[in-house]
Structures are given as C-alpha cells and as structure tokens.
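Here is what each chain is made of, one letter per residue.
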Amino acid sequence: MAARFGFQTVPERIFRQLLRVSSQPHRTYRAAVCTELKKPLVLQDLQATELKPAEVRVSVHCCGVNFADILACQGLYQEKPPLPFTPGMEFSGCVVETGSKVTTVQKGDRVMGVSGGSAMAEECIVDQKVLWKIPEEVGYEEAAALPVSYGTGLLALQHRAATQPGETVLVTAAAGGAGLAAVDIAAHVLQAKVIAAAGSDEKCVLAVQKGAYASINYNTSNLKEELKKLTNKKGVNVVFDAVGGDIFKDALSSLSWEGRILVVGFAGGSIPSVPANLLLLKNISAMGVFWGRYREQDFPVFSQSISRAVQLCQEGKIRPHIGAVFKLQQVNEAFLQVMQRASVGKVVLSMK
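Every value quoted in this text rests on a predicted model; they were computed, and no experiment measured them.

Buried residues of helix α8 (residues 245-253): Gly245, Ile247, Phe248, Ala251 and Leu252, and no others. Buried residues of α8, viewed axially, fall in a sector of 140°; they line one side.

Put into structure tokens, the structure is as follows:
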C-alpha cells in the first residue's frame with residue numbers, strides 16, 4: 001500500500017530489529033561509587049555501556065583493595081579521577097562479552113586484569129591488552145591479589161633495584177599487601193636474605209612465616225640499632241619502603257655501600273626529604289617506583305611484571321596472602337580495615 005502512494009518504508013526485517021532493541025530495558029549493574037571525596041562510597045546501579053572493538057566486558061568475581069584506592073577517594077592520589085567514579089585497580093572474573101577486534105580472550109575465559117579504576121563493581125570494561133588468563137591452579141581471590149602488589153614487588157626489586165641472590169633486603173610495612181608480596185618475591189624468587197619490619201609482633205611473625213629470616217617491630221624497637229645488630233654493622237643492600245617518614249630516614253641511613261632504597265609509597269602519611277650528601281658519601285641510590293605509570297610509559301615492562309607474577313604463582317613459587325574478604329556492600333568496612341592498618345596481606349572484595 002505504501003509503495004502504491006510513493007512512500008519509502010523501512011524494510012520489515014530492520015524495523016523489527018529496531019523495535020526489539022528499543023523495547024529492551026537498559027541493563028544495569030551494581031558498583032561502589034565515590035560521589036564525594038572523603039565520604040563513604042555509595043552503592044549505585046549503573047547503566048551498562050557498549051563495547052568498543054578492542055574492549056572486553058568482564059563479570060567481576062573479586063577485586064583487590066589497595067591503599068591507592070583509598071587515597072583516590074580522598075583526593076590524595078597522584079592521579080585524580082573526576083567525580084563521580086568507581087575505584088578498583090585490579091580484579092579477577094569471567095569474560096562475558098568481547099569487542100569485534102578482540103583476539104586474546106573469548107567468552108567464558110577466567111581472567112585477571114588491571115583498570116584505571118572501575119573494578120569495584122559487578123562488571124567492568126577494559127582493553128584486551130590488560131587482561132591475563134588465570135591458570136587452573138589459581139583461584140579468583142588469589143588472582144585479584146596478584147597484579148598491583150606482586151607487579152609492584154617484581155618491578156621494584158628486580159627491574160629497578162636489580163636485587164642479587166644473597167643480598168640483604170629490608171621490607172617495611174612487611175605485613176601489608178605490598179610488603180608481604182615483596183617478602184615473598186625477595187625470599188623465594190630472588191633468593192635474597194629478607195629482614196621484615198612491621199608495627200606489631202603478630203605482623204612480624206607473619207612476615208617470617210612468609211620467608212623473612214628476621215623481623216623488627218619498629219614500634220617497640222629502634223630500627224637503626226636492630227639493623228646494625230642483624231647485619232654486623234654492614235647495612236642492608238636494598239630497602240623496599242612503603243611507609244615514608246622517619247622509617248624511611250632510618251632505613252636510608254642503614255643502607256650499605258652502593259645500597260638502593262625503593263620509594264614505593266607513604267602509608268605513614270609523611271613524605272620525607274632525601275639528604276643528597278648521604279647519597280654521595282655512601283654511593284647509594286634512591287629509586288622511585290610508580291608501578292601504574294609504566295602502563296603508559298613502558299607497557300612491555302608493565303605487562304611483564306604481571307605475566308611473571310602469574311607464572312610464578314602457577315609454579316607455586318609465590319602465594320598471595322588473603323587477609324580478609326568482604327562483600328561489595330561492605331566496601332567501606334574494607335576501606336576502614338586498610339586505613340586503620342588492621343589488615344594483613346591483601347584485602348579483597350567478593351562480588352559473588
């Protein structure tokens with residue numbers, strides 16, 4: 001009839017497809033959202049978005065909680081995402097959809113990955129190049145704990161400090177997520193002698209169980225004096241420091257000739273200054289370690305740190321320590337536990 005009167009009509013097949021799409025309700029997923037800095041996160045239903053050709057949609061099973069996530073939600077991290085945003089830098093899960101140009105993974109694959117945020121949710125979308133398949137021997141919780149802590153530890157101790165077998169490595173905040181990973185890597189992968197420093201006797205015991213040969217409670221003992229005793233006044237070759245403040249200063253002055261100190265973070269809240277004369281007198285080096293920045297500056301090095309962590313975990317040479325698991329709706333409790341330093345190892349959010 002329309003053709004008889006000269007009207008141009010949409011082919012019936014296409015019309016039905018359009019009608020079917022328009023009649024479908026918008027699909028949503030739950031996410032923890034930072035709507036205001038320094039305020040509790042809020043659970044919201046977010047609208048699912050379409051994939052770009054190289055992107056992958058992952059149903060998130062677990063998400064690691066990092067101190068950097070908390071700093072970002074306080075507006076204190078180096079990178080400041082615009083409000084509102086969903087935190088979460090590392091995750092594990094299952095591929096549910098792939099873009100038209102994705103070749104590395106397929107629907108149903110168990111994967112772990114990193115994102116610039118957005119992983120504290122029931123699903124997230126990332127580029128295929130920042131996903132790694134999870135070996136059968138590795139569970140979702142362990143996989144979510146690998147990228148940031150073990151990626152940082154490997155890049156810091158191996159790539160930056162070039163730690164050698166038999167060298168002495170001091171790890172501060174040794175019972176935290178990054179600290180225990182550093183102890184694990186230094187002792188079991190690099191064959192170094194590890195001294196763990198932490199803020200309680202219980203945390204020191206855990207670090208020794210993880211591979212340290214000695215430990216120091218820096219809340220009840222003098223770090224510098226104890227290090228002198230443990231090293232026969234020779235000092236330590238490498239320091240992995242995520243605390244800053246006075247702990248950093250004591251560790252710096254405890255380095256041996258040509259020692260290296262790795263600046264990983266400032267969990268203590270105080271950013272110390274480095275006395276350049278000490279660097280000169282002892283020929284020591286202070287090295288910054290911003291692991292996440294390698295993603296843009298040197299992706300092969302970034303990618304290798306995670307691939308290596310996956311391989312080592314599969315071989316049983318390293319094993320992430322999961323200190324606590326919270327549900328997504330308990331995200332603020334998880335943050336509080338990390339902020340109060342009540343946690344040991346990695347704190348993980350479970351979406352399932």
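What follows deals with the sheet that holds strand β8 (residues 168-171). If you trace the six strands from one edge of the open sheet to the other, you get β10-β9-β8-β11-β12-β13, paired in parallel fashion. Two strands close off the open sheet at either side, each with one partner strand: β10 (214-217) and β13 (285-288). On average, each strand axis in the sheet is tilted by 20° relative to the strand beside it, whichever way the strands run. In this fold helix α4 (residues 147-160) packs onto β8, β11 (236-241), β12 (255-263) and β13, with an angle of close to 150° to the strand it touches most, β11.

The next thing to look at is the nonpolar core. If you look at the biggest cluster of nonpolar residues, it comprises 83 residues, and the most contacted ones within it are Leu157, Leu262 and Leu349. At eight residues, the largest contribution of residues to this core is made by helix α11 (residues 299-314). With residues near it in sequence (within four places) discarded, Leu349 still touches His61, Cys62, Cys63, Val65, Met120, Phe326, Lys327, Leu328, Val331 and Ala334. One finds Ala197, Ile247, Leu255 and Leu278 within the second-largest nonpolar core, a separate group that totals 19 residues.

Okay, the packing of aromatic side chains next. Ring pairs (aromatic) are described by centroid distance and by the angle formed between their planes. Enumeration according to the criterion identifies three aromatic pairs in this entry. On the basis of an interplanar angle of 85° and a centroid distance of 6.2 Å, the ring pair of Tyr77 and Phe290 is categorised as edge-to-face. Of this pair, Tyr77 sits in the loop between α2 (67-73) and β4 (90-98) while Phe290 sits in the loop between β13 and α10 (294-297), and the two are 213 residues apart along the sequence. A relative accessible area of 22% places Phe290 in the partly exposed class. On the basis of an interplanar angle of 35° and a centroid distance of 4.7 Å, the ring pair of Trp291 and Phe302 is categorised as tilted. One end of the pair, Trp291, is in the loop between β13 and α10; the other, Phe302, is in helix α11, with 11 residues separating them in the sequence. Taking the relative accessible area as the measure of exposure, Trp291 reaches 9% and is therefore buried. For Phe302, a relative accessible area of 1% corresponds to the buried category. What links up through ring pairs into an aromatic cluster is the set Trp291, Phe299 and Phe302. For the cation-ring pair, Lys129 lies above Phe299, with the distance from its terminal atom to the ring centre recorded as 4.8 Å.

Right, let's get into the environment of Ile322. You can see Ile322 is positioned in strand β14 (residues 322-327). Here the alpha-carbon distance between Ile322 and Gly177, two residues 145 residues apart in the chain, equals 8.5 Å. Setting aside residues up to four positions removed in sequence, Ile322 forms contacts with Glu141, Glu142, Ala145, Lys346 and Val348.

Reading guide: rules and limits
- Residues numbered from 1 in each chain as written.
- Predicted model: local features only at pLDDT ≥ 70, side-chain atom pairs only at ≥ 80, totals over all residues.
- Heavy atoms only, no water.
- Buried < 20%, exposed > 50% of the residue type's maximum accessible area, 1.4 Å probe, protein only.
- Helix = DSSP H or I, 4+ residues; strand = E, 2+ residues; numbered from the N terminus.
- Arc of directions from axis to C-beta.
- Pairing = 2+ DSSP bridges.
- Axes fitted to C-alpha atoms, helices over the stretch in contact; angles between N-to-C directions.
- Contact = heavy atoms within 4.5 Å.
- Core = buried A, V, L, I, M, F, W, Y, C linked by side-chain atoms within 4.5 Å.
- Phe/Tyr/Trp six-rings, centres within 6.5 Å; stacked < 30°, edge-to-face > 60°.
- Lys NZ or Arg CZ within 6 Å of the ring centre and 35° of its normal.

Note that all results are geometric; they support no functional claim without further evidence.
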